[in-house]
Amino acid sequence: MSSIASARIGVITFPGTLDDRDAARAVRLAGAEAVSLWHADADLHGVDAVVLPGGFSYGDYLRAGAISRFAPVMEKVVDAAAGGMPVLGICNGFQVLTEAHLLPGSMIKNDHRSFICREQTLVVENTATAWTGDYTQGQEIIIPLKNQDGQYVADERTLDELEGEGRVAFRYQGWNPNGSRRNIAGITNERGNVIGLMPHPEHAVEAGFGVDNGTDLRGGIDGLGFFTSVLSSLVNA
C-alpha cells in the first residue's frame, strides 16, 4: 500500500451491532477510509483490514457471537485472516472471533453476573501485532469497558501456550472487572494479524469525548493507537 490515506478499513454490522459507527469514526480519525460491511455480504469489497465492533449481534441468542460466526461475511473474514489480513474484534467482535476459531478460548458471563461499564486500565503486553505497534511494551492505557459476557476462559494448556508464545496482548491492571483468567483483556493469534479484546478502544479516540486520563477531563485518546497501528502496518507491509 502506498499511503495511509489509501487504506480502506471495513467495519462489519450485524443485526444488534451497537458500535459500528463509533468504530468507523475511529478509522476516519486515524486517517483511513471506513467501509461499511453488512453481515450478509458475500465479499469484503476490497478492504485492507476488518473491524468487528461491539454490541449484541443477533441479540446474543444461544450465546454471545455464536450466530454471527455463521454470517456469510464471516466466511470471507476467516479466509482473509488466514491470508494475513488484519482483523480486530472488539467486545462482541472478540466473542465472534472465538466462535469462529480465529482466536482460542471463549467468553462467558462476568463472574459477578452483572453488566459492567467503567474506565479500565490495561497493560500493553505485546506490541508486535498489526494493531499494537504504536504502543510500547508495558504501557498503561485507559480504555472504556462495557460488557456482560466478558470473562475470558480457556483450559490451562491453552493459557500456558498464550503466555509462552507472548500472545496475551492486553492485561487488566489494578482490578479484574469480569474474572477473566490470568487478567487477560485481549489476545492475538500466532501471526499477530488478529486481535480480540473486551474493552472498547473506539470510545477513546477523540479529545473531549474520551476517558478521564488524570490530566484532561475527557481528554484520553489511548484507543486511537489501535487504528494508527494498523495503518502503519499496512503501509509497511
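Residues numbered from 1 in each chain as written. Predicted model: local features only at pLDDT ≥ 70, side-chain atom pairs only at ≥ 80, totals over all residues. Heavy atoms only, no water.

Asks: Explain the pattern of salt bridges here, please?
Replies: When their charged atoms lie close together, side chains carrying opposite charge are able to pair. A full pass over the atoms with the stated rule returns 13 salt bridges. Taking the shortest distance from any N to any O, the salt bridge between aspartate 149 and lysine 109 comes out at 3.4 Å. With aspartate 149 in the loop between strand S7 (140–147) and strand S8 (151–153) and lysine 109 in the loop between strand S5 (106–108) and strand S6 (116–124), this pair connects stretches of sequence that are 40 residues apart. Judged by relative accessible area, lysine 109 falls into the partly exposed class, the value being 39%. Measuring nitrogen to oxygen at the nearest pair gives 3.6 Å for the salt bridge that ties glutamate 161 to arginine 157. (Salt bridge = Lys/Arg side-chain N within 4 Å of Asp/Glu carboxyl O. Helix = DSSP H or I, 4+ residues; strand = E, 2+ residues; numbered from the N terminus. Buried < 20%, exposed > 50% of the residue type's maximum accessible area, 1.4 Å probe, protein only.)

Asks: Teacher, can you tell me more about helix H2 (residues 72–82) here?
Replies: Every α-helix winds through 3.6 residues per turn, so residues three or four apart in the chain are directed the same way. Among all positions in H2, only Val73, Met74, Val77, Ala80 and Ala81 are buried. End-on, the buried residues of H2 take up no more than an arc of 120°, which puts them together on one face. Along H2, the residues that are exposed and aim more than 90 degrees away from the buried face are Glu75 and Ala82. Tucked into the core, H2 has its buried residues touching strand S1 (8–13), strand S2 (33–38), strand S3 (49–52), strand S4 (87–90), helix H3 (92–99) and strand S11 (194–197). Among the residues trailing H2, glycine 84 stands out with phi positive, at a value near 105°. (Arc of directions from axis to C-beta. Contact = heavy atoms within 4.5 Å.)

Asks: Sorry, what's going on with helix H1 (residues 20–30) here?
Replies: Those residues of H1 that sit buried are Asp20, Ala23, Ala24, Ala26, Val27 and Ala30. One side of H1 holds all its buried residues, which, seen down the axis, span an arc of 155°. Looking at the buried positions of H1, the neighbouring elements they touch are S1, S2, S3 and helix H5 (224–236).

Asks: Help me understand the state of the cysteines in this model?
Replies: Any covalent bond linking the sulfur atoms of two cysteines counts as a disulfide. Counted under the stated rule, the structure contains zero disulfides. Cysteine cysteine 91 is unpaired, with the sulfur of cysteine 117 as its nearest cysteine sulfur at 10 Å. (Disulfide = S-S within 2.5 Å.)

Asks: Any chance you could explain the packing of aromatic side chains here in plain terms?
Replies: The geometry of an aromatic ring pair is captured by two quantities: the separation of the ring centres and the angle between the planes. The final tally for this structure, using the stated rule, is four aromatic pairs. Residues phenylalanine 94 and tyrosine 152 carry aromatic rings whose centres are separated by 6.0 Å and whose planes lie at 15° to one another, so their mutual orientation is stacked. Placement of phenylalanine 94 in helix H3 and of tyrosine 152 in strand S8 is noted, with a sequence separation of 58 residues between them. Assessed through its relative accessible area of 1%, tyrosine 152 is described here as buried. Ring pairing ties together the aromatic residues Tyr135, Phe170 and Phe226, which thus form one cluster. Here the basic side chain of arginine 69 rests over the ring of phenylalanine 70, its NZ or CZ set 5.0 Å away from the ring centre. (Phe/Tyr/Trp six-rings, centres within 6.5 Å; stacked < 30°, edge-to-face > 60°. Lys NZ or Arg CZ within 6 Å of the ring centre and 35° of its normal.)

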